Amino acid sequence: MNTVAAPLRAHRALLLIVLPYAAVAAALTGRLPTPFEILNVVGGFIVALLIGPVLMLCGYVIYVMAMLRPARLSHFLYQQLCRYLGQGRLLRALPVLLLTPLFTASFTIVKAAIPRLHPYTWDSRLSAWDIALHGGHAPWLWLQPLLGHPWITCLLNFTYHLWFLLLYSVLYWQFLDIRRPQLRMQFLLSFVLSCIVLGSVVAVLFSSVGPCYYGHLYSSNPYAPLMAYLHTANQQLPVWALPVQDMLWQGYQSQGARGELGISAMPSIHVATAMLMTLLGWRVNRATGIAFSLFAVLIMLGSIHLGWHYALDGYVGAAGAALIWQLVGLALGARRSAAPVPMHAAPAMNRLPS
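Positions within a chain are numbered from 1, following the residues in the order the chain's sequence is written. At least 70 in pLDDT is required for a residue's local features to be given in this predicted model, at least 80 for side-chain atom pairs to be given and counted, and no such filter applies to totals for whole chains, interfaces and linings, which use all residues. Based on all heavy atoms of the structure, the side-chain values leave hydrogens and waters out of the count.

A. Fine view of the pattern of salt bridges. For this document, the term salt bridge refers to a Lys or Arg side-chain nitrogen within 4 Å of an Asp or Glu carboxyl oxygen. As enumerated under the stated definition, the model contains 2 salt bridges in all. Two residues, Arg179 and Asp177, come together in a salt bridge whose shortest N-O distance is 3.2 Å. Only protein chains enter the accessibility calculation, which uses a 1.4 Å probe; a residue is then buried when its area is under 20% of its type maximum, exposed when over 50%, and partly exposed in between. The class for Asp177 is buried, based on a relative accessible area of 2%. Between Arg180 and Asp177 there is a salt bridge, with the nearest N and O atoms lying 3.3 Å from each other. Salt bridges linked by common partners bring Asp177, Arg179 and Arg180 together as one network.

In structure tokens, the structure reads:
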């Protein structure tokens, strides 16, 4: 019993945050789910539970094949997997493995409910502030001479879609990591709180759709040339953002009849989570920090160039995530300092020089 209770105690802060958030999301649905919807939730639960480990395993297999090249690949992978999972990692990760699908489903529900809680009314102000902040020109115009080439657009689009896969890989890396417990918990709590505070609370307060949908709300559209360029570039190389943007808008207009994943511009959760990965990376080692920093820059550029976000959305997302990271770190540090000293450690402490 203690074996099961220990991981629950270690993750009680996450439980106390995610479970009430899930209750709010359930209340926002306003009705009992149908059997078909329950089946979709179960399917999503299984997919979310498996996608991270599958991605990590695929990445590790590629690394082993390219760098280590063992004589017996299958035997080597089996031994490494048994050694890795034989250190109590699965039991330690079980609470977050079970919470993740619940949290992601809840976040999607809240995001889809944003226009019902607060109609999309902030785009004109956010756009005006964004333009004023950047010398009287929309940020995409400043970037266009550098990024306005179909192959660069395609590269940024690929990186922007890679965000989902990389985020899940990093999450499951931290779920299973037992070497840095405090850093692990700082990342997991910061991720959950960033999604709730920035992606739900702030997103409702500053309800907005972003540049790609600006023309659907206002007759005067400063982002029409950007969208025209993206459609032209799509004729040469695929710009996957365009069909995704169309799908999300159709879902919004159907009011859930075609499936509603939600639209929200301010602040950018893509940039916020990329910032959290960067902060985590620099705490792990310099190479990881540099790699995640480069990825965060590309996500920021892609969010503007692909029409998803105003630059201001990214600034607020990055600053908000960094602030949450710092506050969580301070709270965990204070909690660790306030923890009672185990009895077996007292003699050792008494021997320390004054």
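From this point on, the discussion continues.
B. A look at the packing of helix H8 (residues 150-176) against helix H9 (residues 181-205). One way to put it is that H8 packs onto H9 with a least axis distance of 9 Å and a crossing angle of 135°. Classified by the angle between their axes, H8 and H9 sit oblique to one another. You can see that H8 and H9 cross each other, and the crossing is left-handed. Listed contacts from H9 to Leu167, Val170, Leu171, Gln174 and Phe175 of H8 are Leu183, Arg184, Phe187, Leu188 and Phe191. Between N-to-C directions, angles cover 0 to 180 degrees, with each direction set by a line fitted to C-alpha atoms, over the stretch in contact for helices. The way it works is that DSSP assigns letters per residue, a run of H or I at least four long becomes a helix, a run of E at least two long becomes a strand, and they are numbered from the N terminus. An angle below 35 degrees is treated as roughly parallel, one above 145 as roughly antiparallel, one from 65 to 115 as roughly perpendicular, and anything else as oblique. We call a crossing left-handed when the near helix sits turned anticlockwise from the far one by less than a right angle, and right-handed when that turn is clockwise. For this analysis, residues touch if any pair of their heavy atoms sits within 4.5 Å.

C. Seen up close, the packing of aromatic side chains. Under the pairing criterion, centres of Phe, Tyr and Trp rings, with the six-membered ring standing for Trp, must be within 6.5 Å; the plane angle then separates stacked pairs below 30 degrees from edge-to-face pairs above 60, leaving the rest tilted. For the coordinates displayed, the defined rule picks out 16 aromatic pairs. A centroid spacing of 6.4 Å and a plane angle of 10° characterise the contact between Tyr160 and Trp308, whose relative ring orientation is stacked. Separated by 148 residues along the polypeptide, Tyr160 in helix H8 and Trp308 in the loop between helix H14 (286-305) and helix H15 (311-338) bring together distant segments of the chain. This pair shows no difference in class: Tyr160 is buried, exactly as Trp308 is. Each ring, one from Trp249 and one from Tyr252, has its centre 5.0 Å from the other, and the planes form 55°; the classification is tilted. Taken together, the residues span about one helical turn, with Trp249 and Tyr252 both in helix H12 (residues 241-253) at a distance of 3 residues. Using a relative accessible area of 9% as the deciding quantity, one classes Trp249 as buried. One aromatic cluster is present, formed by Tyr120, Tyr213, Trp249 and Tyr252 through successive ring pairs.

These results come straight from atomic positions and should not be treated as a statement about function.
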